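Results of the structural survey
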Amino acid sequence: MADETAQETAADGRRRRDRFLRALNEARAVRNRVRPQQARAARMRRAIHLRTFSW
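Notes on the overall build of the protein
A tally of helices and strands in the protein yields 2 helices and 0 strands. For the protein, the exposed area adds up to about 5600 Å²; of that, 54% sits on carbon and sulfur atoms.

So, in structure tokens, the structure goes:
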């Protein structure tokens, strides 16, 4: 019985996480449409960070 509860809880957590990530991606898309120059600057900063990041 405890295993079933744990599985349901994990499934609920995955659903909650999926819902959150969808909302986050939608919010980012809206922000990028509203402030394209800011979005471009953020992409450039990220690209520079990834290029100079040392593994």
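Remarks on the pattern of salt bridges
Using the criterion set out here, one finds 1 salt bridge in the structure. Where arginine 15 meets aspartate 12, a salt bridge forms, and the shortest distance between an N and an O atom there is 2.4 Å. Within this pair, arginine 15 and its partner aspartate 12 are both found in helix α1 (residues 2-34), separated by 3 residues, close to a single helical turn. Arginine 15 sits in the partly exposed class, given a relative accessible area of 48%.

Thoughts on the environment of alanine 39
Summarising the element assignment, alanine 39 is placed in helix α2 (residues 36-52). Taking the C-alpha atoms as reference points, alanine 39 and arginine 28, 11 residues apart in sequence, are found 9.1 Å from one another.

About the cut-offs
Every chain's residues receive numbers from 1 upward, in the order its sequence appears when written. The predicted origin of the model limits local features to residues at a pLDDT of at least 70 and limits the giving and counting of side-chain atom pairs to 80 or more, whereas totals for whole chains, interfaces and linings rest on all residues. Values shown for side chains rest on all heavy atoms present in the structure; no hydrogens or waters enter the calculation. Where helices and strands are cited, they refer to DSSP runs of H or I of at least four residues and of E of at least two residues respectively, numbered from the N terminus. Using a 1.4 Å probe, the Shrake-Rupley method yields the accessible areas, and only the shown protein chains count as cover for residues. Think of a salt bridge as a Lys or Arg side-chain nitrogen and an Asp or Glu carboxyl oxygen that are within 4 Å of each other. Only protein chains enter the accessibility calculation, which uses a 1.4 Å probe. A residue is then buried if its area is under 20% of the maximum for its type, exposed if over 50%, and partly exposed in between.

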